[in-house]
Amino acid sequence: MDEKVKMIIEGQTHEFPVITGTENEKGIDISKLRGQTSYITLDNGFGNTGSCTSGITFLDGEKGILRYRGIPIEQIAEKSSFVEASYLLIYGELPHQDELDKFALSFTKQAPLHPDMLGFFEGYPTAGHPMALLSAMVCSLAGYYPELLKPEPSEEEVKFTSAQLLSKVRTISAYTYKTSIGESFIPPRDDLRYISNFLNMMFSTKEKEYKIDETVVSALRALLILHADHEQNCSTSTVRLVGSSWANLFASISAGVCALWGPLHGGANQKVVEMLEQIQVDGGNIQKFIDKAKDPDDHYRLMGFGHRVYKNFDPRATIIKQKAHDLFDKMGIHDPLLDIAVKLEEAVLKDDYFAERKLYPNVDFYSGLIYKAIGIPTVMFPVMFAIGRMPGWIAHWKEMRENPASKIGRPRQIYTGHTERDYVPMEGR
Ligand code: CMC
């Protein structure tokens, strides 16, 4: 029998259907609430509100489970490539070899950026944040590549556009970095795979070719895969909301980049390293920073701790911590910031304030240290997150647009401003 929930409003009983997901997650479908009762629900930060149904990613924050299309993240991070994981997220199944080859080939077609786009980089301040440039460039792809945005694209055309976006974002990101350090661009190469190609564009110069190190490629591959999707987070919901007006893929994803930029979301990785550096400069007094974060009169937060959904542990953080140690060991790096991070984590895990609020290290706590070891500058960390999240955004945009039941996103509000009052002319104010 169909499950229903009863709500008594002003003495009248109303029934609402219960929607059950494949992992037995339950939600009350209140889409007819206002029509039936004139009431709406209020849910600050949407902590209890499902904005859609989705078959892409499952996560259980209490148990620390994360799966892409049903497959545990631990297996994908261990065994898959970033391009294969992207295919899985966007198309729902692991590809056969010929499908993967075709998808990967679409990355290299027209791989160099449209030459007219290069002027953007020249006009951008070298000290400007790379996320602004990334967002602008992604949005502008709509102008430079209108042929990728057909109103009724075929399945193959959608695949080509997704691959092109993943490919171009990598190039734009590397060029953004080159602009910031005043070096010439190194164009993408057809003979290199996704991550090696990115590293080559970032670190090779006209004079000297960067030596690709498999340890670095492996660490970066795991990081990108771990960031690839995380269901309805702030940036993905933004992509869906913008796309719900039928805005094109590039415009929607450009908005996602902006949402990701904030320090409470994808900008946290940058803030973590800055926080660790601050602790170091301050003489390593970890307790001082913990006390500051606990002080109710201080807005300061320990970056890289806490998560809206994970209330036990973040499975991505567990993998990343291990990857950080592996990378440092294999490369023979000793970074005092890693020591501070380990000590900070230990101290936080023993502290009642954090235990009571279920605040554990999140994905961003150790990722910055890996990026730093690879040689990626701190301000580029959110860009790395954006490259990783790209397949998730594409998958959600595609899923939403293909669902005939999708509606334009349009939340309501409870108005708390003035009731009606008259306009007062200037002289009478
Ligand atoms: N340091 C100190 N206190 C914290 C922290 C923190 N990092 N995070 C939450 N709290 C406290 C907060 O002050 C509040 O305390 P109280 O109940 O006394 O008012 C309580 O914990 C609950 O916080 P909240 O803001 O209601 O929790 P939320 O679920 O809305 O926020 C969060 C989640 C990730 C925004 C938050 O934990 C945070 O700001 N963390 C630091 C930034 C960060 O690392 N962000 C990356 C998230 S993972 C990457 C991603 O997917 O975006």
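Everything discussed here concerns the structure shown above.
Residues numbered from 1 in each chain as written. Predicted model: local features only at pLDDT ≥ 70, side-chain atom pairs only at ≥ 80, totals over all residues. Heavy atoms only, no water.

Novice: Is there a simple way to think about the site of the ligand in this case?
Specialist: The environment of the ligand is made up of 20 residues, and the closest members are Leu264, His265, Arg301, Leu302 and Gly304. In this structure, a nitrogen atom belonging to the ligand sits 2.7 Å away from a main-chain N or O atom of Leu302. Taking Arg308, its side chain carries an N or O atom lying 2.9 Å from an oxygen atom of the ligand. Isolated, the ligand exposes 940 Å² of accessible area, and the fraction of that covered by the protein chains is 73%. Among the secondary structure elements, those contributing two or more residues to the shell around the ligand are helix H16 (352-356) and helix H17 (363-374). (Near = heavy atom within 4 Å. Polar contact = N/O pair within 3.5 Å; in protein donor to acceptor, adjacent residues only side chain to side chain. Areas by Shrake-Rupley, 256 points an atom, 1.4 Å probe, with all protein chains shown as cover. Helix = DSSP H or I, 4+ residues; strand = E, 2+ residues; numbered from the N terminus.)

Novice: Where do I start with the packing of helix H12 (residues 268-281) against helix H15 (residues 336-350) in this structure?
Specialist: Two measures define how a pair of helices packs: the angle their axes make with one another and the distance between the axes. Where H12 contacts H15, the axes come no closer than 10 Å and their chain directions differ by 95 degrees. Taken together, the axes of H12 and H15 are roughly perpendicular relative to one another. For the pair formed by H12 and H15, the contact residues are Val273, Met275, Leu276, Glu277, Ile279 and Gln280 on the first element and Pro336, Leu337, Ile340, Ala341 and Leu344 on the second. Along the lines of polarity and charge, the residues of the contact of H12 with H15 split into 9 nonpolar, 1 polar and 1 charged. (Axes fitted to C-alpha atoms, helices over the stretch in contact; angles between N-to-C directions. Parallel < 35°, antiparallel > 145°, perpendicular 65-115°, else oblique. Contact = heavy atoms within 4.5 Å. Nonpolar A, V, L, I, M, F, W, Y, C, P; charged D, E, K, R; others polar.)

Novice: Is there a simple way to think about the layout of surface pockets in this case?
Specialist: The space that makes up the second largest pocket amounts to roughly 620 Å³. In terms of lining residues, the second largest pocket is bounded by 27 residues, among which Lys150, Pro151, Pro153, Trp397 and Arg401 are the most central. Broken down by element, the residue count for the lining of the second largest pocket peaks at 6 residues, all from helix H18 (residues 381-402). Looking at side-chain class alone, the lining of the second largest pocket contains 13 nonpolar, 7 polar and 7 charged residues. (1 Å grid on protein atoms, 1.4 Å probe; cavity = no way out; pocket = protein on both sides within 12 Å on 5 of 7 lines; lining within 4 Å. Points joined across faces, edges and corners; volume = space filled by probe spheres on them.)

Novice: What exactly am I supposed to notice about the packing of aromatic side chains here?
Specialist: Counting across every chain of the model gives 18 aromatic pairs. Pairing Phe121 with Tyr175 gives two aromatic rings, centres 5.8 Å apart and planes at 70 degrees, and the pair type is edge-to-face. On the criterion of sequence distance, the pair formed by Phe121 in helix H5 (residues 118-123) and Tyr175 in helix H7 (residues 155-180) is long-range, its members being 54 residues apart. The class for Phe121 is buried, based on a relative accessible area of 1%. (Phe/Tyr/Trp six-rings, centres within 6.5 Å; stacked < 30°, edge-to-face > 60°. Buried < 20%, exposed > 50% of the residue type's maximum accessible area, 1.4 Å probe, protein only.)

Novice: What exactly am I supposed to notice about H7 here?
Specialist: Its 26 residues place the ends of H7 38 Å apart at the C-alpha level, agreeing with the 38 Å of an ideal helix rising 1.5 Å per residue. Across the 26 residues of H7, 22 count as buried, placing the element largely inside the fold. Just beyond H7, the residue with positive phi is Gly182, at close to 70 degrees. (Expected span 1.5 Å × (residues − 1).)

Novice: Help me understand the pairing of strand E5 (residues 65-68), please; the structure alone is not making it clear to me.
Specialist: Within a regular strand, the side chains alternate between the two sheet faces. Bridging between strand E4 (residues 57-60) and E5 involves 4 bridges; their strand directions are antiparallel. Counted as the bridge partner of Phe58 is Arg67 from E5. Turn length for the E4-E5 hairpin, with the two strands adjacent in sequence and antiparallel, is 4 residues, and the turn residue Gly64 shows positive phi of about 65 degrees. In terms of strand pairing, E5 meets strand E6 (residues 71-72) through 2 bridges, oriented antiparallel. Bridge pairing in E6 places Arg67 opposite Pro72. (Pairing = 2+ DSSP bridges.)

Novice: What is the right way to look at empty space enclosed by the protein in this model?
Specialist: The gaps of empty space that remain are located by a probe, the size of a water molecule, rolled over the atoms. Overall, the coordinates contain 1 cavity of 30 Å³ or more when judged by the stated rule. Quantified by volume, the largest cavity comes out at close to 30 Å³. Lining the largest cavity we find Gly306, His307, Tyr310, Asp314, Lys358, Leu359, Tyr360, Pro361 and Asn362. Its residues placed into classes, the lining of the largest cavity shows 4 nonpolar, 3 polar and 2 charged.

Novice: Honestly, the pattern of salt bridges in this entry has me stumped. Any pointers?
Specialist: A side chain of one charge can pair with a side chain of the opposite charge if their charged atoms are brought near each other. As enumerated under the stated definition, the model contains 18 salt bridges in all. Note that Glu157 and Lys150 form a salt bridge whose closest N and O atoms lie 2.7 Å from each other. The class for Glu157 is partly exposed, based on a relative accessible area of 28%. (Salt bridge = Lys/Arg side-chain N within 4 Å of Asp/Glu carboxyl O.)

Novice: What am I meant to see in unusual backbone geometry here?
Specialist: A negative phi angle characterises most non-glycine residues, just as the trans form characterises most peptide bonds. Backbone geometry at Ser38 places phi at a positive 70 degrees, although glycine is not the residue there. For Ser38, the location among the structural elements is in the loop between helix H1 (33-37) and E4. Its identity is not glycine, yet Lys358 carries a phi of approximately 55 degrees, on the positive side. Here Lys358 is to be found in the loop between H16 and H17.

Novice: When you look at the side chain of Arg389 in this model, what are you seeing that I'm missing?
Specialist: Mapped onto the fold, Arg389 is located in helix H18. Of the side chains bearing the opposite charge, Asp229 lies closest to the buried Arg389, which forms no salt bridge; the N-O distance is 5.0 Å. Among the polar contacts listed, one links the side chain of Arg389 to the side chain of Asn233, at a separation of 3.4 Å. Residues within four places of Arg389 in sequence aside, it is in contact with His227, Ala228, Asp229, His230, Asn233, Ser235, Thr236, His265 and Arg316. (Lys, Arg positive; Asp, Glu negative; His and termini not counted.)

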